[in-house]
2 protein chains.
Amino acid sequence: MYNMYNQSDLKKIVNSALVNLTYNTKSDRLIDPVKYVLSMGGKRMRPVLALMACNLFSDKIDDAVIPVAGLEVFHNFTLVHDDIMDNAPVRRGFPTVHAKWNVNQAILSGDVMAFITNECFLQSPSHLLAKVLRVFNKAAIEVCAGQQLDMDFEKATIVTQDEYIQMIELKTAVLIAASVKIGAIYGGADDRDAEMLYEYGKNLGLAFQIQDDILDVFGDMKLFGKTAGGDIIEGKKTFLYVRASEAGSLDQRKKLQDLYLSDSFEPAEKVKMVTEIYDLLNIKFLSEKVVADYLKNALGFLEKVNIAQERKEVLIRMTFSLAGRDH
Amino acid sequence: MYNMYNQSDLKKIVNSALVNLTYNTKSDRLIDPVKYVLSMGGKRMRPVLALMACNLFSDKIDDAVIPVAGLEVFHNFTLVHDDIMDNAPVRRGFPTVHAKWNVNQAILSGDVMAFITNECFLQSPSHLLAKVLRVFNKAAIEVCAGQQLDMDFEKATIVTQDEYIQMIELKTAVLIAASVKIGAIYGGADDRDAEMLYEYGKNLGLAFQIQDDILDVFGDMKLFGKTAGGDIIEGKKTFLYVRASEAGSLDQRKKLQDLYLSDSFEPAEKVKMVTEIYDLLNIKFLSEKVVADYLKNALGFLEKVNIAQERKEVLIRMTFSLAGRDH
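Residues numbered from 1 in each chain as written. Chains lettered and ligands numbered in written order. Predicted model: local features only at pLDDT ≥ 70, side-chain atom pairs only at ≥ 80, totals over all residues.

K.L.:
An account of the overall build of chain A is needed here, citing residue identities and associated values.
P.N.:
A count of helical and extended segments in chain A gives 16 helices and 2 strands. Relative to the 2.2 N^0.38 estimate, which gives 20 Å for 327 residues, the radius of gyration of chain A is 20 Å and therefore close to what a compact globule would have. The buried share among the 327 residues of chain A stands at 50%. A sequence separation of at least 24 residues applies to 75% of the contacts in chain A between residues at least 6 apart. (Helix = DSSP H or I, 4+ residues; strand = E, 2+ residues; numbered from the N terminus. Rg over C-alpha atoms; globule rule 2.2 N^0.38 Å. Buried ≥ 20, exposed ≤ 12 C-beta atoms within 10 Å, placed from the backbone. Contact = placed C-beta atoms within 7 Å.)

Right, here's the structure in full:
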């Protein structure tokens with residue numbers, strides 16, 4: 001009989017590890033904002049996926065728990081700094097760190113999270129530390145490169161679909177890929193299986209981000225907990241926008257671009273007008289097709305992992321739940 | 001015959017390692033600011049001290065070079081972010097990253113330097129990685145806590161001498177201590193010697209920072225390359241200020257505090273008036289005495305290191321050069 005943890009068990013395990021983190025410093029002023037962001041909740045997707053990947057290969061996941069909690073600390077580090085850069089006042093319904101404290105505090109408390117992440121990884125079984133840290137650190141640098149592209153895109157007039165995919169691959173997908181691979185390494189996966197799981201995670205991450213873009217416009221807002229069309233209101237170049245720009249006629253592209261740049265519409269009006277263009281061009285369907293393709297790729301890589309099918313079921317359920325958000 | 005490197009050799013070796021760093025990313029926009037700050041020069045004190053400590057125990061230092069270059073990358077990471085927080089336009093005679101690019105770019109390019117630091121350490125001999133990374137990462141968290149105290153002090157009316165020492169210990173001394181200890185570990189030092197060298201580095205770091213505060217007011221500005229009394233003009237609570245506040249009468253303390261807070265004086269006039277109070281209270285002499293004490297402590301710990309005296313000579317020369325700045 002296998003000992004398989006489900007998503008809800010793992011989330012509890014991760015949350016408990018995050019609450020019990022030790023910080024190697026007595027500076028409450030420095031750490032209070034860290035505790036604040038880590039207590040805001042969220043799916044804990046990265047450590048949960050990592051533990052599921054670990055659990056694929058091993059009934060015992062205990063040794064991986066604190067190290068993979070570091071993935072959540074790192075993810076939140078990027079959120080704290082991204083929110084400064086985006087000038088975002090709210091995250092998950094709470095004031096962002098720079099809004100609640102100030103920008104300097106958000107820079108500094110963000111910084112320390114990068115080293116708290118290391119601290120978590122330093123609790124790895126010693127024979128795995130170098131291997132795991134290499135995978136993590138490569139992803140961390142790529143995430144910064146992805147954020148750079150995202151910043152560059154704000155100023156760019158035209159962003160192609162390929163450029164957009166490259167950006168979300170770096171900014172979002174590689175960390176999910178690395179999380180899954182790292183979990184697999186803790187579980188004892190061989191290099192080939194670990195690599196298959198990296199590719200699984202990367203495709204899942206791409207599907208997840210595009211689905212996120214779709215839901216921002218077309219999702220059930222009560223379920224999703226955001227304002228409908230928030231990305232449109234902020235003028236964020238999402239997959240839908242980029243796809244519509246490529247699919248539309250010159251006229252439609254120009255109209256979309258003008259709408260996005262314009263300040264002369266009420267937010268709701270702007271959302272309505274952009275959505276009308278999306279509908280004309282069948283963008284929801286086209287984007288969902290892309291999500292489905294990445295999802296299929298992800299599951300294809302998972303299939304190639306050399307482990308009993310029954311062990312994979314939790315991860316397969318999680319895959320659908322993340323990329324489809326159960327819709 | 002020992003193979004001992006001198007300060008100038010080591011600085012060249014470190015600079016060459018920094019120029020040849022690989023960044024694991026093709027994002028020039030992200031990395032250009034990193035190359036920019038790393039090309040600004042500086043003493044490379046931390047990696048040079050680390051290599052000297054390595055060289056104490058081993059004629060061969062090659063394996064340590066790239067890892068300890070990470071100490072310089074980390075130090076510059078803190079400078080990039082500190083300069084944002086301090087709103088500083090110039091560093092070492094060059095525009096700061098946020099001044100040359102913008103604040104968001106300085107946050108992001110700073111962030112990636114934290115992971116480039118890890119990347120350097122990941123090139124450690126594998127049996128030393130965990131040990132070295134633990135020492136570094138503890139120091140990194142303490143440096144953040146030190147910057148937190150420094151930020152807190154800006155708003156505080158009174159800072160005691162003990163509080164000031166605690167702040168510079170965290171913000172400056174522990175990284176120098178960790179650098180020396182890390183170098184010693186690469187050289188093959190045993191735990192006791194590594195610990196002695198940590199204490200040596202901590203005391204050297206304290207001496208160095210207080211000497212820096214003294215030179216800002218009383219140094220030969222042509223040699224030092226800064227504006228005389230820059231700290232006074234910026235209202236920075238230095239060791240001299242804190243010492244004078246404790247040594248002065250209530251009247252003198254009030255006068256000093258008012259002067260520091262006031263905007264109604266010309267910079268040169270303000271520097272002159274504060275310096276007069278320092279002179280009345282003999283602050284230069286008192287502070288130099290404290291530097292000498294820390295220096296003596298440092299050399300005492302170095303003496304306890306169980307290695308031939310001839311091997312220690314380069315490090316002893318460096319010690320005097322850093323803490324006394326050859327004055």
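K.L.:
Describe the relation of the copies chain A and chain B, and please don't skip the residues or the numbers.
P.N.:
Rotating chain A by 180 degrees and moving it 0.0 Å along the rotation axis overlays it on chain B with an RMSD of 0.0 Å. Taken together, the rotation and translation describe the operation of a two-fold axis. (Least-squares fit on C-alpha atoms with pLDDT ≥ 70 in both.)

K.L.:
Break down helix α6 (residues 103–121) of chain A for me, with residues and values.
P.N.:
Here α6(A) contains 19 residues, and its C-alpha end-to-end distance of 28 Å stays within 8% of the 27 Å for a straight helix at 1.5 Å per residue. Across the 19 residues of α6(A), 18 count as buried, placing the element largely inside the fold. (Expected span 1.5 Å × (residues − 1).)

K.L.:
If you had to explain the interface of chain A and chain B to someone new, which residues and values would you point to?
P.N.:
Contacts between the two partners involve 34 residues from chain A and, on the opposite side, 34 residues from chain B. At the level of secondary structure, the elements contributing two or more residues to the side of chain A that touches chain B comprise α2 (28–38), α4 (62–86), α6 and α7 (129–155) of chain A. With 15 residues, α7(A) is the single largest residue contributor to the side of chain A that touches chain B. The residue makeup of the side of chain A that touches chain B, split by class, is 17 nonpolar, 10 polar and 7 charged. (Nonpolar A, V, L, I, M, F, W, Y, C, P; charged D, E, K, R; others polar.)

K.L.:
Residues and numbers for unusual backbone geometry, please.
P.N.:
Residue and element names in this part refer to chain B. Of note in the backbone geometry, R44 takes a positive phi value of approximately 55 degrees without being a glycine. When you line up the elements, R44 lands in the loop between α2 (28–38) and α3 (45–57). Its identity is not glycine, yet N282 carries a phi of approximately 60 degrees, on the positive side. Among the structural elements, N282 can be located in the loop between α14 (267–280) and α15 (283–304). Under the C-beta neighbour-count criterion, N282 is labelled partly exposed, with 13 such atoms within 10 Å.

K.L.:
Can you break down the environment of B:L322 residue by residue, with the values?
P.N.:
All names here are of chain B. Positionally, L322 belongs in helix α16 (residues 309–324). Under the C-beta neighbour-count criterion, L322 is labelled buried, with 23 such atoms within 10 Å. Sequence separation between L322 and K26 is 296 residues, and the spatial gap between their C-alpha atoms is 38 Å. Not counting chain neighbours up to four residues away, the residues in contact with L322 comprise M45, L204 and F208.

K.L.:
Outline the packing of helix α3 (residues 45–57) of chain A against α4(A), supporting the account with residue identities and numerical values.
P.N.:
Residue and element names in this part refer to chain A. Between α3 and α4, whose axes approach to 8 Å, the crossing angle comes to 150 degrees. Between α3 and α4, the angle is such that the two are roughly antiparallel. The crossing of α3 and α4 is right-handed. Residues R46, P47, A50, L51 and C54 of α3 touch α4, and the partners they reach there are A64, V68, A69, L71, E72 and H75. Taken together, the residues of the contact of α3 with α4 sort by class into 8 nonpolar, 1 polar and 2 charged. (Axes fitted to C-alpha atoms, helices over the stretch in contact; angles between N-to-C directions. Parallel < 35°, antiparallel > 145°, perpendicular 65-115°, else oblique. Left-handed = near helix turned anticlockwise from the far one by under 90°.)

K.L.:
Talk me through the environment of B:V68; I want residue IDs and the actual numbers.
P.N.:
Residues and elements named next belong to chain B. Within the secondary structure layout, V68 lies in helix α4 (residues 62–86). Here the alpha-carbon distance between V68 and Q123, two residues 55 residues apart in the chain, equals 9.9 Å. Filtering out sequence-adjacent residues up to four positions away, V68 remains in contact with P47, A50, L51, I182 and G183.

K.L.:
So what's going on with α4(A)? Residues and values would help.
P.N.:
Residues and elements named next belong to chain A. Along its 25 residues, α4 runs 37 Å from first to last C-alpha, staying within 8% of the 36 Å computed at 1.5 Å per residue. Of all 25 residues in α4, 21 are buried; the element is thus mostly enclosed. N87 occupies a position one or two residues after α4 and carries a positive phi of about 60 degrees.

K.L.:
So what's going on with the confidence of the model for chain A? Which residues, and what values?
P.N.:
With 97% of its residues at a pLDDT of 70 or more, chain A shows a mean pLDDT of 94. Both confidence scores are given for the complex: pTM 0.96, ipTM 0.96. (pLDDT = per-residue confidence, 0-100.)

K.L.:
Before we move on, can you summarise the environment of A:C54 with the specific residues and values?
P.N.:
Residues and elements named next belong to chain A. If you trace the backbone, C54 turns up in helix α3. The class of C54 is buried, set by 29 C-beta atoms lying within 10 Å. Residues C54 and G188, spaced 134 residues apart in sequence, show a C-alpha to C-alpha distance of 7.6 Å. Not counting residues up to four positions away in its chain, the partners in contact with C54 are I61, A64, G183, A184, Y186 and G187.

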